[in-house]
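Report on the structure
Listed below, chain by chain, are the residues.
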Amino acid sequence: MTLPPEAGAEAEAAIPEAVLVGAGQTEGRSLGQIAWMRLKRDKVALAGGAFLIFLILVAIFAPLIVKYLGSPPNEFHQELIDTAGGTLAPIGRFGGMSWDHLMGIEPVNGRDIFSRVVYGSRISLLIAFLATLLSVAIGTTLGIISGFIGGWTDTLTSRLMDIFLAFPLLVLAIALAGVFPDQAFGLQGNQLRIALLIFIIGFFNWPYIGRIIRGQTLSLREREFVESAKSLGARRGYILRTEMLPNLIAPILVYSTLLIPTNILFEAALSFLGVGIRPPTASWGGMLSDAVVFYTQPHFMFWPGMAIFITVLAFNLFGDGLRDALDPRANR
Amino acid sequence: MNHSKSWRVRSLAAVGVSATLLVAACGGGGGAGNQEGSGSQSAQAAFNAASSSVVNPSDKKGGTLKFANPGDWDTLDPGETYYAWSWNFARLYGRALMMFNAAPGKEGNQLVPDLAEGPGKASGDAKTWTYKLRKGVKFDDGTEATSADVKYAVLRSTDKQTFPNGPAYWEGLLDLPKGYKGPYKTPNMNTDSAIETPDKYTIVFHTKAPFAAFDYLAQQPDTMPVPKDKDTGAKYRNSIVSTGPYKFEGLQPGKSFNLVRNDQWDPATDPNRKALPDRIEVTLNVNADDIDNRLISGDLDVDVAALGVQPAAQSRVLQDPALKATADNPLSARNWYTSINPTVPPLDNIECRKAIMYAMDHTGYQTAYGGPFAGGDMATTLLPPNIPGHADFDLYPNGPDHKGDLDAAKKSLEACGQPNGFATNIAYRAERPKEKATAEAFQQALGRVGIKLTLKPYPQGDYFAQYAGLPPYVVKNKLGLATNGWAADWPDGFGFLSQVVDSRVIRATGGSSNTSVRIPEVDQMLDKALTELDTDKRNQMWGEIDRRVMEEAVVYPGVYSKALLLRSKNATNIMVTDAYGEYDYLGMGAQK
């Protein structure tokens, strides 16, 4: 009897995954490669990730997209509005949907909803990304310091986190955004509003990530490789950079991805409450806020609502997948 | 007249806007034109019929009318209440010296004597006004209402610590002694310099300045007599002693009350009131959409606040011809306009202001406020057409389609030395979607001729005190335009114009609704009109003032406000009175 030709392949499949791809090569595989492998198998997370890339491209190329598929986001089309009948609703079915206006038009002024949703993604993503960056920067720095140094530094930082966590953030945000002047720090108008929103959302969200990093640092500090580095006379800075930080990348990455959708929702909430971006600049929350008055014309609320919903869902799915890939021991 | 008054009216407007998400109103010019008594069936079948005639006329007594209020009453106390609909309603339980006639359309604008036997008799300088009272008018406890009760009612209303929200005309106008703080705090002070009561049926008012339109003041509910021994100050609102055909029963503050017949009311003393229904039941704090649905089903007769139907009912009513035929679309005495501030360069040049007048898309303005039905008619003057003295003119024609005259705008820009346009800002109240839409419409329309507008939302609570009404702030922040609006306390040129075109009400410390009209000539014209005792001549003068203001292009007249009201299925004698821009609550009867 001769061996079936497939036998070799079967034998190969029996080899553990960690050495599968590297078979024939001498070096093992990095954590990143393993994570990427796991992520590739998670189709839901990949779909979420693909949508996010799509969304980022949409935000970057918004002017180009709108040029070919819509009309300028602030342009009125009142000739498409039922002014004679007095309802001020778009003429035609589904909120005036047509090839010129893919998602229909707004009641009263007839602005193109598609263009405004596309342009709104810029505001949402910009604020969410930068606010998350701010939170992560502050949270990671203070979390590592607190966890690694310990002692009274840890006590002080932990109490600071408690104070920030107990802050009625929404109330503060509304008050701050309401009283802020038109010009400050060399910025004015919407630039200042965006900076302010980034600050409010980012600056008050850092303790969430800070606590996680502190906990991770505490457990890492006691691990053998840190102990051995210490015993070999490594300095604090060296240990932080070479031993701790690489091991913290995974939680930082995961929680950033999960913080972004929270921030998108928060920005939308602030715009909805009228303390966000100034009109007529389009933002998703602002569009929802406008649509409330026209609750008899659901299409107006549907599109920006869907945009927020899908974006937040995509971020969450991708973030969950990323966590599973980077840290398979973590319980959901 | 003074600060608290202007503040009050603005806050009324604010409540009105926030209470209705979208004030519904339909335009259509009242072409129904059914004559009074031409048959209830045909009259009932037409849109806007009650704006010009009596729908469902009847003299049948008895039955119950059901009223509902989407909010709470500000107060039922005649000395403090300050809503048009509440003044309309107060005539059911109180008798002021004068009153607006219970009649449809323009006839409703006429003042008729109520507690007084006739209109006030003025001295030659229009500073002394004498009224003779009817004999035999009684409170609901059987005691006679005399001139002393009227005097007491007027004096107590001047106590703005007890009644902070009431109209504030009397204390500014009457020749009261120095340091007078009302009958509660200064009970022993002699006030004969302001009001004399030579006998039980005569009352004489003395004013500091001429006030030719005094009869309008005498129709305010604060001249409804209040018996001193039954007055409980701020609590009187819950135990009002009636002089009208109805008195209170089962009043639960914030919830409900009923009006039942007052057996002490003698029809012989009252030529104005038919007093048809036996009962009027009023429910407070009812959901506004619920009110609309119950009006449509016939379960309810009147939305007493008369702000117009909500958006959900609005599209239903406008799209269903049968339902539309049961609706009315009256004008209210309100103009939603936009101030153009001549203190902000380059708007100090009249040509630049004219450029804005020509370049604006007027239909866009109208649409921003809700369109021809919910918003109102496009305005070309400050005075709304239902105010006597309104003159019809249009100094800045904006093309046959009212989308703006861009050629004229460009010519004005060249004359102003800004051929490529300029940049300025527009202030609006952040909480008001309609003002936001107006600001956006301005931005779009003015952008067509190169005028770049930036939107500046401000909180409505401090809009006039700290932002758009604070002159130094306006200049510093270059608020060239500011959305604005005004409703008259009563349908008269003075009531409408005094607070919005008199430059002397502008204070450097802010708070004035007038932000842009600074024309010394207009101030003089106002003073002159107040000394003119002839009503027709006076009304003509209001129109001239209006024109003079428009010549300066310091106000963009937006829309004459309208509301879409639903007519009751059960009520009879339904008519819209121009005095309030609402259904007349006094003449209304009930089928069952």
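Residues numbered from 1 in each chain as written. Chains lettered and ligands numbered in written order. Predicted model: local features only at pLDDT ≥ 70, side-chain atom pairs only at ≥ 80, totals over all residues.

Let's talk about the overall build of chain A
A count of helical and extended segments in chain A gives 13 helices and 2 strands. When the backbone C-alpha atoms are referred to their principal axes, chain A occupies close to 80 × 75 × 30 Å. Across the 332 residues in chain A, those meeting the buried criterion constitute 38%. A separation of at least 24 residues holds for 69% of the contacts in chain A among residues at least 6 apart in sequence. (Helix = DSSP H or I, 4+ residues; strand = E, 2+ residues; numbered from the N terminus. Buried ≥ 20, exposed ≤ 12 C-beta atoms within 10 Å, placed from the backbone. Contact = placed C-beta atoms within 7 Å.)

With respect to the overall build of chain B
Within chain B one finds 20 helices and 24 strands. Rg of the C-alpha trace for chain B: 24 Å, near the compact-globule value of 25 Å for 592 residues, within the 12% margin. Projected onto its principal axes, the C-alpha positions of chain B cover 75 × 60 × 40 Å. Here chain B holds 592 residues, and the buried ones make up 58% of them. Considering only residue pairs separated by 6 or more positions, chain B has 73% of its internal contacts joining residues 24 or more positions apart. (Rg over C-alpha atoms; globule rule 2.2 N^0.38 Å.)

Structural notes on unusual backbone geometry
In the segment running from P279 of chain A into P280 of chain A, the intervening peptide bond is cis, with an omega of 5°. Here P280 of chain A shows up in the loop between α11 (236-272) and α12 (284-292). In this model, P345 of chain B is joined to P346 of chain B through a cis peptide bond whose omega is 0°. The topology assignment puts P346 of chain B in the loop between β13 (331-340) and α11 (350-359). The phi torsion at N56 of chain B lies on the positive side, around 60°, for a residue other than glycine. The residue N56 of chain B is located in the loop between α2 (40-44) and β1 (64-68) in this model. Even without being a glycine, A306 of chain B presents a positive backbone phi close to 55°.

Quick word on the environment of L126 of chain A
With respect to the helices and strands, L126 of chain A occurs in helix α5 (residues 113-149). L126 of chain A sits 138 residues away from I264 of chain A along the chain, and the two C-alpha atoms are 9.4 Å apart.

With respect to the sheet that holds strand β4 (residues 121-122) of chain B
All names here are of chain B. Ordered by their spatial adjacency, 4 strands build an open sheet running β4-β5-β7-β6, and the pairing between neighbours is antiparallel. Looking at the sheet topology across the chains shown, the edges are occupied by β4 and β6 (195-199). The pairing of strand β5 (residues 128-132) with strand β7 (residues 202-206) spans 5 bridges and is antiparallel. Looking at β7, one finds that W129 is bridged to F205. The strands touched by helix α4 (residues 147-157) are β6 and β7; relative to β6, the strand with the most contacts, the crossing angle is about 170°. (Pairing = 2+ DSSP bridges. Axes fitted to C-alpha atoms, helices over the stretch in contact; angles between N-to-C directions.)

Considering helix α19 (residues 520-529) of chain B
Residue and element names in this part refer to chain B. Burial in α19 covers these residues: V522, M525, L526 and A529. Seen end-on, α19 carries its buried residues on one side only, within an arc spanning 100°. Structural note: α19 exposes P520 and Q524 on the side pointing more than 90 degrees away from its buried face. In the core, the buried residues of α19 are packed alongside α18 (493-501) and α20 (535-551). (Arc of directions from axis to C-beta.)

Examining the sheet that holds β1 of chain B
Overall, mixed pairing links the 5 strands, which are arranged β8-β9-β10-β1-β11 (chain B) in an open sheet. The two strands at the open ends of the sheet, each matched to only one other strand, are β8 (246-252) and β11 (302-303) of chain B.

So, the nonpolar core
Membership of the largest hydrophobic core comes to 178 residues, with the highest contact counts inside it found for A355, A359 and Y583 of chain B. Non-local contacts of Y583 of chain B, meaning those with residues more than four positions away in its chain, are made with A50, V302, A306, L565, I574, M575, V576 and M588 of chain B. Core analysis: the second largest hydrophobic core is formed by 56 residues, M103, V136, V275 and M287 of chain A among them. (Core = buried A, V, L, I, M, F, W, Y, C linked by C-beta atoms within 7 Å.)

Let's talk about the interface of chain A and chain B
When the parts of a complex come together, some accessible area is lost, and that lost area is often used as the size of the interface. With 22 residues of chain A in contact, the opposing surface of chain B contributes 30 residues. Looking at the side of chain A that touches chain B residue by residue, the classes come out as 9 nonpolar, 10 polar and 3 charged. (Nonpolar A, V, L, I, M, F, W, Y, C, P; charged D, E, K, R; others polar.)

Some details on helix α8 (residues 288-297) of chain B
All names here are of chain B. Along α8, the positions that sit buried rather than exposed are A288, I291, D292 and L295. For α8, the angular spread of buried residues about the axis comes to 100°, placing them on one side. Of the surrounding elements, those touching the buried residues of α8 are β1, β11, α9 (311-319) and β20 (565-566).

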